[in-house]
Each structure stands twice: as structure tokens, then as C-alpha cells.
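# Summary of structural features
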Amino acid sequence: MNEYVVRRSHELGINGIIMHAVAGRDNLAVAVSTAHKLGVDSYLLISMSSGGELYDKNLDYGVTLGMSLGVSGFVVPATKPSIIRQVRSMVGNNYQVLSPGVGVQGGKPGCAIANGADFEIVGRSIINSETPRKAALNILNEIRNPTIC
């Protein structure tokens, strides 16, 4: 099924997928291999903003699994800067770290990047705004000039 999702996503023009690390090697290996063959980036979600204790207790395993499979990077919530730092120290600069949860979920713009993420994912703070362009520009300014994290 995971391989089908990768292939179908690629057919639709999608160039990156996120998979849950807790699915384990047997469920991920073929999907990541297929993604490589198709030129689709693959990312492993290895922690979550709320709850997620199963992820955090198995963080080392998730990161090691992702590296052994050759994923493009990891998804680590902006609300957990210590986990971002830990993952960055484990993977060096060889993998991208994407951090969702900026804004509505409580992550402060710029803090995830300041702690080692490559990208911050901002959604609802922009799309729920009455002035999305202004909201996006304000968030971008905060990312460039983060306050105390």
C-alpha cells in the first residue's frame, strides 16, 4: 500500500512524502526505495507536537531507521526544540529537518530554525488569517529575527 501511495503521489506531481517512523522497516523500506527511484523526497515523522510519547521514547530508533533507509530527512515539531537539537546532532547536515507546528500549535517563528531545523512549516496561522499575505510576511520577519525561544 505504501508503495502505491508513493507512485500515485508522483503521478499527481507531488515531489515529497511524509511517513510515520513507527510503521517500522517492513512497511517503509519499499516505499522509500520507490521514492528514490522516482525522485520523490521521503521524510520520516519521528516526533509529534501533542502526545507522541511513543515517538519520543523511540527517537534513536526512528532516526537510525531513517538514515539506514536513506530518507531525505525528518519531521520534528517546532514545539520541541530539544528534540530538534537532538536530531540535528544525530544526523549532522546530511538530512533535512522539517518542523511543523509554528503558530497555532505553539511553535514560535524562527525558533525551530534557531535550534537546527532547515524549514518551519506554517499553515493555519496564514490560511486562517483575514490577511494571509500580511500574516505570511509577519511570520517570515519573525523567522528572520526570532525572539527568545
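These lines cover the structure that appears in this document, whether it is placed above or below. (Residues numbered from 1 in each chain as written. Predicted model: local features only at pLDDT ≥ 70, side-chain atom pairs only at ≥ 80, totals over all residues. Heavy atoms only, no water.)

## Points about helix H2 (residues 25–38)
Along its 14 residues, H2 runs 20 Å from first to last C-alpha, staying within 8% of the 20 Å computed at 1.5 Å per residue. Taken residue by residue, H2 has Leu28, Ala31, Val32, Thr34 and Ala35 as its buried positions. One side of H2 carries all its buried residues, which in axial view fall inside an arc of 160°. Opposite the packed face of H2, turned more than 90 degrees from it, sit the exposed residues Asp26 and Lys37. Where the residues of H2 are buried, they touch helix H1 (2–11), strand S1 (16–20), strand S2 (41–45) and helix H4 (59–69). Looking one or two residues past H2, glycine 39 carries a phi angle of roughly 75°, positive in sign. (Helix = DSSP H or I, 4+ residues; strand = E, 2+ residues; numbered from the N terminus. Expected span 1.5 Å × (residues − 1). Buried < 20%, exposed > 50% of the residue type's maximum accessible area, 1.4 Å probe, protein only. Arc of directions from axis to C-beta. Contact = heavy atoms within 4.5 Å.)

## Details of the pattern of salt bridges
A side chain with one charge may pair with a side chain of the opposite charge, provided their charged atoms come close. Per the counting criterion, the structure on display carries four salt bridges. Across the pair glutamate 3 and arginine 7 runs a salt bridge whose closest N-O atoms are separated by 3.2 Å. A residue pair is termed a helical-turn pair when its members lie 3 or 4 positions apart in one helix, as glutamate 3 and arginine 7 do in helix H1 at four residues. In this structure, lysine 80 and aspartate 56 form a salt bridge, with 2.5 Å as the shortest nitrogen-oxygen distance. With lysine 80 in the loop between strand S3 (73–75) and helix H5 (81–91) and aspartate 56 in helix H3 (residues 53–57), this residue pair connects regions lying 24 residues apart in the sequence. Using a relative accessible area of 14% as the deciding quantity, one classes lysine 80 as buried. Relative accessible area serves as the criterion here: at 26%, aspartate 56 is assigned to the partly exposed category. (Salt bridge = Lys/Arg side-chain N within 4 Å of Asp/Glu carboxyl O.)

## Quick notes on the side chain of lysine 80
A polar atom in the side chain of lysine 80 sits 2.8 Å from the backbone oxygen of methionine 48. Leaving out residues up to four positions away in the same chain, lysine 80 has contacts with Ser47, Met48, Ser49, Gly51 and Asp56. (Polar contact = N/O pair within 3.5 Å; in protein donor to acceptor, adjacent residues only side chain to side chain.)

## Focus on the packing of aromatic side chains
Per the stated rule, a full pass over the model turns up one aromatic pair. Aromatic pair phenylalanine 74 and tyrosine 95: ring centres 5.6 Å apart, planes at 55°, arrangement tilted. Pair noted here: phenylalanine 74 is in strand S3 and tyrosine 95 is in the loop between H5 and strand S4 (96–100), with a separation of 21 residues, a long-range link. Each member of the pair, phenylalanine 74 together with tyrosine 95, is buried. (Phe/Tyr/Trp six-rings, centres within 6.5 Å; stacked < 30°, edge-to-face > 60°.)

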